[in-house]
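Examining the three-dimensional arrangement
As a plain string of letters, each chain reads:
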Amino acid sequence: MDDEKFIRRCIGLSQKSMDDGGAPFGALIVKDGEVIAESENKAQSKISDHAEILVLDKAHKKLGTADLSTCILYSNCEPCPMCSFMIREYKIKKVVFSVLSPLMGGYSKWKILQDEELAKMPDFFGKPPEVIAGLLEEEGLKIMEKFELFNGLFGSGTGLKN
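Now for a quick tour of the structure. Predicted model, so just to flag it, every value in this text is computed and none were measured.

**As for the sheet that holds strand β3 (residues 71–77)**
Reading across from one edge, β2-β1-β3-β4-β5 is the order of the five strands in this open sheet, with mixed pairing throughout. Each edge of the sheet is formed by a strand with only one pairing partner; in this case those strands are β2 (34–40) and β5 (130–133). This sheet shows a mean twist of 15° between the axes of neighbouring strands, independent of strand direction. As paired strands, strand β1 (residues 26–31) and β3 are joined by five bridges and run antiparallel to one another. What sits directly across from Lys31, in β3, is Cys71.

Quick look at the structure:
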């Protein structure tokens, strides 16, 4: 399954980010089955440089449009509220992630990714993307649990196991 292949690549990016001294986050943008952009987290040097924000910007530049409605965003972790709003603004059609973030998630906690009201402003936001949550969660957690701030960001669990 392609979704699993791309999530595994995100998990690999999250490990690379940790190896480079960053937080364990990685994201991809896929169009027509091809990776068109990928990024690790860079928030240690600039707070807003989450992997999802960086990958959206790269895809925007590569495709020459802010309408990414034919694209899928993959992440090893549930996008936060900031990233979720950007996903909606770029009109991403599908979001697939591994580990839920019950304290900070733009899907499980803040419901941004499924908010129908945002779609009433089509000049700014796309319709809610299809969301696949918790794909390969066990594999994703193996990297995330090594992160020293894991419990602070994720509480006692991911929400899927509780």
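**Description of the nonpolar core**
Generally speaking, nonpolar side chains in soluble globular proteins are found buried as a group. Ranked by internal contacts, the top residues of the largest apolar core, which has 40 residues, are Ile29, Leu56, Leu73, Tyr74, Ile92 and Val95. Going through the elements one at a time, α1 (2–19), β1, β2, α2 (51–63), β3, β4 (94–99) and α4 (137–144) are the ones with two or more residues in this core. Apart from the residues within four sequence positions on either side, Val95 is in contact with Leu73, Pro79, Ile87, Leu113, Pro129, Glu130, Val131 and Ile132.

**Details of the pattern of salt bridges**
Following the criterion strictly, the structure yields ten salt bridges and no others. Residue Glu38 pairs with Arg9 through a salt bridge whose shortest N-O separation is 2.6 Å. Taken together, the positions of Glu38 in strand β2 and Arg9 in helix α1 put the pair 29 residues apart, joining distant regions of the chain. For Glu38, a relative accessible area of 28% puts it in the partly exposed group.

Criteria and cut-off values
- Every residue gets a number counted from 1 within its own chain, in the order that chain's sequence is written.
- Note on the predicted model: pLDDT of at least 70 is required for a residue's local features to be given, and 80 or more for side-chain atom pairs to be given and counted; whole-chain, interface and lining totals, by contrast, use all residues.
- For the side-chain quantities, the full set of heavy atoms in the structure was used; hydrogens and water were omitted.
- Here, any two strands with at least 2 DSSP bridges between them count as paired.
- Labels follow the DSSP assignment, with helices taken as runs of H or I lasting at least four residues and strands as runs of E lasting at least two, numbered in each case from the N terminus.
- Orientation is described by axes fitted as lines to C-alpha atoms, over the contacting stretch for helices, and by angles from 0 to 180 degrees between their N-to-C directions.
- To define a nonpolar core, start from buried Ala, Val, Leu, Ile, Met, Phe, Trp, Tyr and Cys residues and group those joined through side-chain atoms within 4.5 Å.
- Only protein chains enter the accessibility calculation, which uses a 1.4 Å probe. A residue is then buried if its area is under 20% of the maximum for its type, exposed if over 50%, and partly exposed in between.
- A contact between two residues is defined here by any heavy atoms of the two lying within 4.5 Å.
- The salt bridge criterion pairs a side-chain nitrogen of Lys or Arg with a carboxyl oxygen of Asp or Glu, the two atoms within 4 Å.

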